[in-house]
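Here are the chains, one letter per residue:
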Amino acid sequence: MSDDRPTIDLTYIGRALDRLTQEIATMREQMTVQTASIIRLDNTVSGQGAELRALISLTNRMLDRLRRVEERVDALEDRAKQ
């Protein structure tokens, strides 16, 4: 029986280990970039919620002012009719 398998020496194992180390380093860098992107997007979404709440509050204040003005106008119109 002949042995057709290639001979694996320490040099081959060293090169394979270097390639594996480089691939893992690349994957880590990609994960770091993706994590930073996700954190940025999450902060953006959180900020939009606060912005939306502020806009709703502003709109409610403006509506309250408008209602008070309308009440004053109605009162003036009622007095003018009398």
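The coordinates are above.
The shown structure was predicted, so the numbers you read here are calculated from the model rather than taken from an experiment.

S.K.: Would you mind going over the overall build of the protein chain in detail, with residue names and values included?
M.R.: When its secondary structure is counted, the protein chain shows 1 helix and 0 strands. The C-alpha atoms of the protein chain give a radius of gyration of 35 Å, which is well past the 12 Å a tight globule of 82 residues would have. Structurally, the protein chain occupies a C-alpha span of about 120 × 25 × 10 Å along its principal axes. Looking at the protein chain as shown, the accessible area adds up to about 8,200 Å², and 58% of this sits on carbon and sulfur atoms. Treating the 13 positive side-chain charges of the protein chain as one cloud and the 14 negative ones as another, the clouds have centres 9 Å apart.

S.K.: I'd like a rundown of a negative patch on the surface, residues and numbers included.
M.R.: On the surface, Glu 70, Glu 71, Asp 74, Glu 77 and Asp 78 cluster together into a patch of negative charge. Considering the arrangement of structural elements, one finds Asp 78 in helix H1 (residues 10–81).

S.K.: Could you give an account of the pattern of salt bridges, with specific residues and numbers?
M.R.: As enumerated under the stated definition, the model contains 1 salt bridge in all. Across the salt bridge formed by Asp 64 and Arg 67, the nearest N and O atoms sit 3.1 Å from each other. Residue Asp 64 and its partner Arg 67 are both found in helix H1; the two are separated by 3 residues, about one turn of the helix.

S.K.: Account for the environment of Arg 19, naming residues and giving values.
M.R.: Tracing the backbone shows Arg 19 in helix H1. Note on Arg 19: relative accessible area 43%, which makes it partly exposed. When the C-alpha atoms of Arg 19 and Ala 50 are compared, they prove to be 47 Å apart, with 31 residues separating the residues in sequence.

Reading guide: rules and limits
Residues numbered from 1 in each chain as written. Predicted model: local features only at pLDDT ≥ 70, side-chain atom pairs only at ≥ 80, totals over all residues. Heavy atoms only, no water. Helix = DSSP H or I, 4+ residues; strand = E, 2+ residues; numbered from the N terminus. Rg over C-alpha atoms; globule rule 2.2 N^0.38 Å. Areas by Shrake-Rupley, 256 points an atom, 1.4 Å probe, with all protein chains shown as cover. Lys, Arg positive; Asp, Glu negative; His and termini not counted. Charge placed at Lys NZ, Arg CZ, Asp CG, Glu CD. Patch = residues over 30% accessible without salt bridge, like charges linked within 9 Å, V, L, I, M, F, W, Y side chains within 5 Å. Salt bridge = Lys/Arg side-chain N within 4 Å of Asp/Glu carboxyl O. Buried < 20%, exposed > 50% of the residue type's maximum accessible area, 1.4 Å probe, protein only.

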